[in-house]
Amino acid sequence: MYPASFEYHKAESVDQALAALAENPDLKVIAGGHSLLPAMKLRLAQPPALLDIWGIQEMKGITRDGDHWVVGAMTTHADVLRSDLPLFPEVAGWVGDPMVRNRGTIGGSLAHADPSADYPAAALALGVEFVIRGPGGERTVHADDMFQGMFESAVQPGELLTHIRIPATTQASAYEKFRHPASHYAVVGVAVVRHADSSVRAAYTGAAEKAHRLNKLEDAVNGSQAVPTGLVDAGDLLGDRFASAEYRAHLVDVLAARAIERLG
Amino acid sequence: MNVTLTVNGKTYTRDVEPRTLLVHFIREDLGLTGTHVGCDTSQCGACTVHLNGDAVKSCTLLAVQAQGADITTIEGLGTPGDLHPLQTGFWEEHGLQCGFCTPGMIMASAELLKHTPNPSEDQIRHHLEGNYCRCTGYHNIVKAVQHAAGAMQGASQAADD
């Protein structure tokens, strides 16, 4: 199936991309294209013009900067899977399938903010920082402020998510997922991380309009209490023909208990 | 717009609309119809080709995104007179019924065997999770990949001896 017609532009550097975005507000950024192109093929999205940022080398690869890892937004899921990053390799192994992972990118997925994507839960649990560049320069957004709604991240029109910064000092982490058998998206996913100061951060994805922290779980575990049930209220969740809100609330409890057990 | 890319060792330049998907470019502009389209949702894997050595779904790439790329399709893997061990494996183990998914299965498996020459059954099934078969129940597909892995290991041992 063919997408609707569009103009195609390419950027080879972040500066070039920002200049193009400033000049043409109709430009839709395409990274690996593994969320955008499927939507365009079904005509759920019909952007008049694309800006291809795949060729921006300064946005690829994984480096260490003191007590942080710095991951280029255009790093593929396959490269994340093979890396020494905390938690993200395990999460990348759950994304799509091997062909999708060869092309889809971590930054593309995070900026897209799909409510059923895996990475947002991991980003919240890890306390990742997002490096975003725009016409006014560079700004850093904490994971807690990154995911603002369904398919809505903190990245504004005219801006580009260029890198993410991940604390390299975590003690332990786990991601537990109940995946949709056909789409491989999360029906529910729960990520938990024990940080350098022994505190635990936890988050879930797939069950609501966006990924959220699991405050009840964090309070219990950080207070040395047993993992409670009823971590989320079904009234705050979304149900669909695959799983009701009540079932998703149950899955959050089950997956959270498994993830905490794996922290040891 | 003009696109130049290499498919199975041969370089092509064609004028395409930006919305042309790589799979349609391969099938309709180049006439290489071994690469199939099995779904509209980027799930089935029938369109799998290698792009600069990586297995990708050619239905989820624009031809213009593949500018300058080196692509291998099922036609570039072996010839009727000199089949790739995976093609022989699917033949010997009856790894297909209708055959529609087979090119994608073989291209995905070829990437697996490149990184994991002796995969376990579990590794094969896991690696093929992006390739759908609606006939075989996958059982003989797994045996076909194991057959190919054995043949390729035998060949590389013979070369070492």
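Residues numbered from 1 in each chain as written. Chains lettered and ligands numbered in written order. Predicted model: local features only at pLDDT ≥ 70, side-chain atom pairs only at ≥ 80, totals over all residues. Heavy atoms only, no water.

1. Some details on the overall build of chain B
Of the regular secondary structure elements, chain B holds 5 helices and 5 strands. Its helices and strands taken in sequence order, chain B reads β-β-α-β-β-β-α-α-α-α from the N to the C terminus. Taken over C-alpha atoms, the radius of gyration comes to 16 Å for chain B, in line with the 15 Å a tight globule of 161 residues would show. Projected onto its principal axes, the C-alpha positions of chain B cover 50 × 40 × 25 Å. When burial is assessed residue by residue, chain B has 51% of its 161 residues classed as buried. Considering only contacts within chain B whose residues lie at least 6 apart along the sequence, 56% involve residues at least 24 apart. When the accessible area of chain B is evaluated, it comes to approximately 7100 Å², of which 48% is carbon and sulfur surface. (Helix = DSSP H or I, 4+ residues; strand = E, 2+ residues; numbered from the N terminus. Rg over C-alpha atoms; globule rule 2.2 N^0.38 Å. Buried < 20%, exposed > 50% of the residue type's maximum accessible area, 1.4 Å probe, protein only. Contact = heavy atoms within 4.5 Å. Areas by Shrake-Rupley, 256 points an atom, 1.4 Å probe, with all protein chains shown as cover.)

2. What to know about the domain arrangement of chain A
All names here are of chain A. Each assigned domain of chain A is listed here: domain 1 (7–52), domain 2 (57–167) and domain 3 (172–263). Contact residues are listed per partner, giving 12 residues for domain 1 and 16 residues for domain 2. Carbon and sulfur atoms supply 70% of the area that domain 1 and domain 2 bury against each other, a total of about 1100 Å² over both sides. Looking at the side of domain 1 facing domain 2, the largest losses of area belong to Val14, Leu18 and His34, adding up to 47% of the total buried there. (Domains from an automatic or database assignment. Buried area = accessible area lost by both parts, 1.4 Å probe.)

3. Things to note about the confidence of the model for chain B
Across chain B, the average pLDDT comes to 96, with 99% of residues at or above 70. For this predicted complex, the interface confidence reaches an ipTM of 0.95, while the overall pTM sits at 0.95. (pLDDT = per-residue confidence, 0-100.)

4. Regarding the domain arrangement of chain B
How large an interface is tends to be reported as the accessible area lost when its parts come together. Residue and element names in this part refer to chain B. Partitioning chain B into structural domains gives domain 1 (2–77) and domain 2 (85–160). Using only C-alpha atoms to locate each centre, domain 1 and domain 2 end up separated by 22 Å. Taken residue by residue, the interface counts 18 residues in domain 1 and 14 residues in domain 2. Together, the buried faces of domain 1 and domain 2 total about 1300 Å²; carbon and sulfur atoms form 61% of this surface. For the domain 1 face of the interface with domain 2, the top three residues by lost area are His36, Ile74 and Leu77, together amounting to 33%. Inspection of the region where domain 1 meets domain 2 yields 0 salt bridges. (Salt bridge = Lys/Arg side-chain N within 4 Å of Asp/Glu carboxyl O.)

5. A closer look at the environment of Gly158 of chain A
Residues and elements named next belong to chain A. Position of Gly158 relative to the elements: it lies in the loop between β9 (152–153) and β10 (160–167). Relative accessible area serves as the criterion here: at 23%, Gly158 is assigned to the partly exposed category. The sequence separation of Gly158 and Glu23 amounts to 135 residues, and the corresponding C-alpha distance is 9.2 Å. If sequence neighbours within four positions are ignored, Gly158 has contacts with Leu18, Leu21, Arg133, Gly134 and Pro135.

6. As for the interface of chain B and chain A
Taken together, the contacts link 33 residues of chain B with 32 residues of chain A. Carbon and sulfur atoms supply 56% of the area buried between chain B and chain A, which totals about 2700 Å² over both sides. If you sort the residues of chain B by the area they bury against chain A, Arg19, Gln65 and Glu129 of chain B come out on top, with a joint share of 25%. If you look at where chain B meets chain A, you find 3 salt bridges. Glu129 of chain B is paired through a salt bridge with Arg101 of chain A; the nearest N and O atoms lie 3.7 Å apart. The interface formed by chain B and chain A includes 11 residue pairs in polar contact (both at pLDDT 80 or more). (Polar contact = N/O pair within 3.5 Å; in protein donor to acceptor, adjacent residues only side chain to side chain.)

7. What to know about the sheet that holds strand β3 (residues 49–52) of chain A
All names here are of chain A. Pairing within the open sheet is parallel, and its 3 strands lie in the order β1-β3-β2. Single-partner strands in this sheet number two, and they are β1 (7–10) and β2 (27–30). With strand direction ignored, the average angle separating the axes of adjacent strands in the sheet is 30°. Relative to β3, β2 is paired through 4 bridges, and the arrangement is parallel. (Pairing = 2+ DSSP bridges. Axes fitted to C-alpha atoms, helices over the stretch in contact; angles between N-to-C directions.)

8. Here we look at the environment of Met146 of chain A
All names here are of chain A. On the secondary structure map, Met146 appears in helix α8 (residues 143–146). Of the residues examined, Met146 reaches a relative accessible area of 0% and is grouped as buried. Taking C-alpha positions, Met146 is 9.5 Å from Val128, a pair spaced 18 residues apart along the chain. Apart from the residues lying within four places of it in its own chain, the contact partners of Met146 are Leu110, Ala111, Phe130, Val141, Glu152, Ser153, Ala154, Val155 and Leu161.

9. A closer look at the packing of aromatic side chains
Residue and element names in this part refer to chain A. Tallied over the full model, the rule gives 3 aromatic pairs over all chains. Between the aromatic rings of Phe130 and Phe147, the centroid separation amounts to 5.9 Å while the plane-to-plane angle is 85°, which identifies the pairing as edge-to-face. With Phe130 in strand β6 (residues 129–134) and Phe147 in strand β8 (residues 147–149), the pair connects residues that are 17 residues apart, well separated along the chain. Looking at Phe147, the relative accessible area reads 4%, which means it is buried. Taking NZ or CZ as reference, Lys60 lies 4.1 Å from the ring centre of Trp54, over its face. (Phe/Tyr/Trp six-rings, centres within 6.5 Å; stacked < 30°, edge-to-face > 60°. Lys NZ or Arg CZ within 6 Å of the ring centre and 35° of its normal.)

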